[in-house]
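Fold and contact review
Here is what each chain is made of, one letter per residue.
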Amino acid sequence: MSLSDAMRGRFARGPAVTSPSAARASGDRTQAARLAILLLAVLAVVSLALSVATGASDASAVNVIRALVTGADETALSLRDRIIVFDIRMPRALLGFLIGAALAMSGAVMQGLFRNPLADPGLVGISSGSALGAVLMIVLGAGLPPAVMATLGAFALPLAAFVGGLITTLVLYRIATRGGQTSVATMLLAGIAIAALAGAVTGILIYMADDKQLRDITFWNLGSLAGMTWTKLLAAGPVILLALLVVPFLSRGLNAITLGEAAAFHMGVKVQRLKYTAVVAVAGAVGASVAVSGGIGFVGIVVPHLLRLVIGPDHRYLLPASALFGGVLLLGADMLARTVVAPAELPIGIITALAGAPFFLWVLLRDRGRNGW
Amino acid sequence: MIRARNLTVSLSGKTIVHGVSLEAKAGALTAIVGPNGSGKTTTMKALAGELSSTGEIAINGHDVRRLEPWQLAVKRAVLPQAATIAFPFTVREIVRLGLSVGPNRHAERIDAITAEALAAVDLAGFAGRLYQELSGGEQQRVQLARVLSQIWEPVLDGEPCFLMLDEPVSALDIRHQLTIMQLARRYCAGGGGVVAVMHDLNLTAMFADHMVMMRGGRIELAGPPAEVMTDDAMETVFGCRMRINTVPAPGIPFVLPHTAST
C-alpha cells in the first residue's frame, strides 16, 4: 500500500502547482498567499498616494510634488497647499497606514496566541488598558518632575499607553490560560471586566481632570486620525515599525502553537519566549496606536479573518498580509470619514465600528455551535 | 535509549508519578499500560521534557532538561491525545508543521516526506482537505503523519529517534489500529524507538517488545508481554479478574486482532 499510495499522492499534487483546482487538491496555498501579498502591497501604495492626493481642500498634491521635483520657485506654489500636503495629509496617511497595520497584525498575533479567531486587542480590553495608561499620563503626568516630562517629551504618551497595554495583556493571559489551554469564554469575559475596570478608573481621572485635560481625553474616546503631526509620527511610528518588523519572526512559532502549547514545545518552539515576545509586540503596537489615534476597533478581527478565508491561516503569510490589508482598510475608512460629511469629518472609530460590529456578529452566527461557543 | 531514574512528577501539589524508573530501547516498542489515572500520560509528558519533574531523564545519554526545545525536537516527536485546532489549516499544512519547526535537514524533500507520511497513515490524497472537516480518527492519523515527519529518519547522525505516542490507536477502527501499530514496528525496525501509552492489551501483546504496567503512579510490573501478562497481573494492575489466553464460554462472539491477515 504505502509505496504506490505515496506515488499517487505525489503525482496528484504535481511538480508545480499552477491551476487553482490543483492547488486545492494539494492543500498548498503558498502561491495564492504570495499573490495576495503582492496585490496588497500595490493597493497599499495606491491608497497611500490617494490619501495624500485627496481631502476636503482642493490642494493639489501633484502640483506640490511637481514643484518640488522641478525645483520651481517657492512662491510658485501656495504655502497653504504645501502645508496641507506635507504637514497635514502626509503624516496622517503614514500614521493611518501604520496604525491599521499595527491593529490588524496585533489581531492576527493575539488570535494565534490564544488559538481563537475572536481574540482582538480591542475586544479583550488591551485597547482600554492602553487608553487608561494614556489618560493617566495626561492627568497625572503634570505631577511628574518637569525634568522627567521634558526627557520623555512626545514619547510620554505612547510609553504610558504601551505600559497600560502590556499590563492588561499579561493579566488577561494569566487569567484566561490554565495549563496551556486558553478558555474562550474566560478570555472574552475577562476582557469585558478589564475594559470595565479600565473605564471606571478612566472615569475617575476624567472627574479629576481640568478643562484642557478633559479635551485631550475626549479625543481617545472618539478614535480619530485627525490632528496627526510629524511629531506624533516620530513618537508612535518607530514603536509600531519595530513591532511590525519583529512579529513576522514569530510566524513559525505561532503556526506550531495552533496545536497547543505542549505540541509547539514538542516541535522545538521556546513557548515562553514566543508568548512574551508576542505579548510585548502587541502591547507596543496597540499602545502606540491608541496613544495617537484612540480606540479604533474591529480592524484586528475583520482583517485576519477575511485573509484566512483566502490564503489560509499560515502565519508566515497571514501576518504580512494582515499588516498590508489593515493599513489599506484604515486609509480607506479614513478617506470615507473625511468625505461623507465634508468639510467636517466623522471620527474613524465610528466607521470601523459600523462596519466591524456586524461582521463580528456574522462570524459568531456562522461559527455558532461549530466550536462549542 | 530513553532512560528515567526515580522520576517523580507533582502537579499542583499532588504527586502523580512516584519514583518511576524505566528504559525504552532503540529498535523496540515500549508500551505503558494501566488503568485511568495511573500516571501513564504524565510519565510520558515528563519523558518528553514537557513537565517539571525530579529524578533523572536522559535521551541517548543527554539530560533532557538541559536540551533546548529544538534539540529535543530532532530526537523525539510526541503524538498528543486528541488535538483540536481553531483555524482552517489543510492536512498538508498540518503535516508540514512537523517539518517547518527546528533545523530542517530535508528542505528539498519536504513535499516527498509530506506525501509519504500521509500515505503511511493511509491518508494519501487527503492533503488538500481541511483538518477541521475530518473525522476524529482521520484527524488522529493526520497528527501521526505530522509527528512521523518531524523525525522522519529513525536514526539521525548515528543517534536513534523516538516516537512518543499517547494512545495512538484509541480513536481508530480495527484496520487502522493495525496499520498504525505496524507503522510503529517499522519505525523500530529502522532503528528508532517507540514509547506508546496503550489501552488495548491485545494490540500491546501483539506489537510491544517491552510492557510497563502502571498503577497509582508507580510501576507495578515490567517486561516482555509474554512474561508480564498474567492473570494475577490483570487483577493487581487493573483490579479486574481476567484470564489470559482463555477462550470464553461459547455464545458471545469475540474477535482478536491477532487473527488479522495483512
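Predicted, not measured: the structure shown is a model, and the values here were computed from it.

All right, on to the overall build of chain A then. Secondary structure summary: chain A contains 17 helices and 2 strands in total. Taken over 373 residues, chain A has a buried fraction of 49%. For chain A, the proportion of contacts with a sequence separation of at least 24, taken over those separated by at least 6, is 79%.

Residues and elements named next belong to chain B. The backbone of Ser12 sits at a positive phi, close to 40°, despite the residue not being glycine. Tracing the sequence through the fold places Ser12 in the loop between strand 1 (2–11) and strand 2 (14–24). The exposure class of Ser12 is exposed, given the 6 C-beta atoms found within 10 Å.

Attention now moves to the interface of chain A and chain B. Across the boundary between the two partners, chain A contributes 35 residues, which contact 34 residues of chain B. Among the secondary structure elements, those contributing two or more residues to the side of chain A that touches chain B are helix 1 (2–13), helix 2 (20–26), helix 12 (251–257) and helix 13 (261–266) of chain A. Ranked by the residues each element gives to the side of chain A that touches chain B, the list is headed by helix 1 of chain A, at 8 residues. For the side of chain A that touches chain B, the residue count by class is 12 nonpolar, 12 polar and 11 charged.

A few words on the domain arrangement of chain B. All names here are of chain B. On domain assignment, one finds that chain B holds domain 1 (1–75 + 158–262) and domain 2 (82–150). Taking the mean C-alpha position of each, domain 1 and domain 2 sit 24 Å from one another. Among the secondary structure elements, those contributing two or more residues to the side of domain 1 that touches domain 2 are helix 2 (69–73) and helix 6 (174–189). Top contributing element to the side of domain 1 that touches domain 2 by residue count: helix 6, with 4 residues. Here the side of domain 1 that touches domain 2 is composed, by residue class, of 9 nonpolar, 2 polar and 1 charged.

Residues and elements named next belong to chain B. Taking strand neighbours across the sheet as the criterion, the 6 strands line up as 6-9-10-3-11-12 in an open arrangement whose pairing is mixed. Of all the strands in the sheet, the pair left with one neighbour each is strand 6 (76–79) and strand 12 (218–223). Pairs of neighbouring strands in the sheet enclose a mean axial angle of 15°, with direction left out of account. One ladder, built from 4 bridges, connects strand 3 (residues 29–33) with strand 10 (residues 193–197); its direction is parallel. Paired with Ile32 across the bridge in strand 10 is Val197. Sitting on the sheet, helix 1 (residues 40–47) touches strand 3, strand 9 (162–166), strand 10 and strand 11 (210–215), and the angle it makes with strand 10 is about 145°. Those strands touched by helix 9 (residues 231–238) are strand 11 and strand 12, and its axis lies near 160° from that of strand 12.

So, about the sheet that holds strand 4 (residues 54–59) of chain B. Residues and elements named next belong to chain B. Taken together, the 4 strands give an open sheet; going across it, the order is 2-1-4-5, and neighbouring strands pair in antiparallel fashion. For this open sheet the edge positions go to strand 2 and strand 5 (62–63), each flanked by a neighbour on one side alone. Alignment of strand 1 against strand 2, held across 7 bridges, turns out to be antiparallel. When the sheet's bridge partners are listed, Ala4 is paired in strand 2 with Leu22.

So, on to the pairing of strand 4 of chain B. Residues and elements named next belong to chain B. With 5 bridges joining them, strand 1 and strand 4 adopt antiparallel strand pairing. Residue pairing for strand 4: Ile2 is matched across the bridge by Ile59. For strand 4 and strand 5, the ladder comprises 2 bridges, and the chain directions are antiparallel. Looking at strand 5, one finds that Ile59 is bridged to His62. The hairpin formed by strand 4 and strand 5 contains 2 residues between the paired strands, and Asn60 there has a positive phi angle of roughly 50°.

Residue and element names in this part refer to chain A. Packing of helix 5 (residues 79–114) against helix 15 (residues 299–311) brings their axes to within 7 Å, and their N-to-C directions diverge by 70°. The orientation of helix 5 with respect to helix 15, classified from their angle, is roughly perpendicular. Residue-level inspection shows Gly100, Leu103, Ala104, Ser106, Gly107, Ala108 and Gln111 of helix 5 in contact with helix 15, the latter providing Val299, Gly300, Ile301, Val303 and Pro304. Class assignment of the residues belonging to the contact of helix 5 with helix 15 gives a composition of 7 nonpolar, 5 polar and no charged.

Another aspect to go through is the packing of helix 5 of chain A against helix 16 (residues 315–339) of chain A. All names here are of chain A. In contact at an axis separation of 7 Å, helix 5 and helix 16 are set at 140° when each is read in the N-to-C sense. Taken together, the axes of helix 5 and helix 16 are oblique relative to one another. Note that helix 5 runs across helix 16; the crossing there is right-handed. The class makeup of the residues in the contact of helix 5 with helix 16 is 17 nonpolar, 7 polar and 1 charged.

We now examine helix 5 (residues 136–150) of chain B. Given a rise of 1.5 Å per residue, 15 residues ought to cover 21 Å, and the 21 Å separating the end C-alpha atoms of helix 5 of chain B matches this to within 8%. Of all 15 residues in helix 5 of chain B, 13 are buried, a share of seventy percent or more.

Quick look at the pairing of strand 3 of chain B now. All names here are of chain B. The element strand 3 is largely enclosed, with a buried count of 5 among its 5 residues. Of the two faces of strand 3, the one holding Leu29, Ala31 and Val33 and the one holding Thr30 and Ile32 are both buried throughout. The sheet contact formed by strand 3 and strand 11 spans 4 bridges and is parallel. Looking at strand 11, one finds that Thr30 is bridged to His210.

Attention now goes to the confidence of the model for chain A. All names here are of chain A. Per-residue confidence for chain A gives a mean pLDDT of 80, with 84% of residues at or over 70. Helix 1 is the least confidently modelled element of chain A, averaging 38 in pLDDT, while helix 16 averages 93, the highest of any element. Low pLDDT (under 50) marks residues 1–20, which in the prediction has 29 contacts with non-local residues, meaning those over four places away or in another chain.

Membership of the largest hydrophobic core comes to 181 residues, with the highest contact counts inside it found for A:Ala102, A:Met105, A:Val109, B:Leu118 and B:Ala184. Examining the composition of this core, we find that 17 residues originate from one element, helix 5 of chain A, more than from any other. For this core, the two domains that each supply at least three residues are domain 1 (1–75 + 158–262) and domain 2 (82–150) of chain B.

The rules behind these values
- Residues numbered from 1 in each chain as written.
- Chains lettered and ligands numbered in written order.
- Predicted model: local features only at pLDDT ≥ 70, side-chain atom pairs only at ≥ 80, totals over all residues.
- Helix = DSSP H or I, 4+ residues; strand = E, 2+ residues; numbered from the N terminus.
- Buried ≥ 20, exposed ≤ 12 C-beta atoms within 10 Å, placed from the backbone.
- Contact = placed C-beta atoms within 7 Å.
- Nonpolar A, V, L, I, M, F, W, Y, C, P; charged D, E, K, R; others polar.
- Domains from an automatic or database assignment.
- Pairing = 2+ DSSP bridges.
- Axes fitted to C-alpha atoms, helices over the stretch in contact; angles between N-to-C directions.
- Parallel < 35°, antiparallel > 145°, perpendicular 65-115°, else oblique.
- Left-handed = near helix turned anticlockwise from the far one by under 90°.
- Expected span 1.5 Å × (residues − 1).
- pLDDT = per-residue confidence, 0-100.
- Core = buried A, V, L, I, M, F, W, Y, C linked by C-beta atoms within 7 Å.

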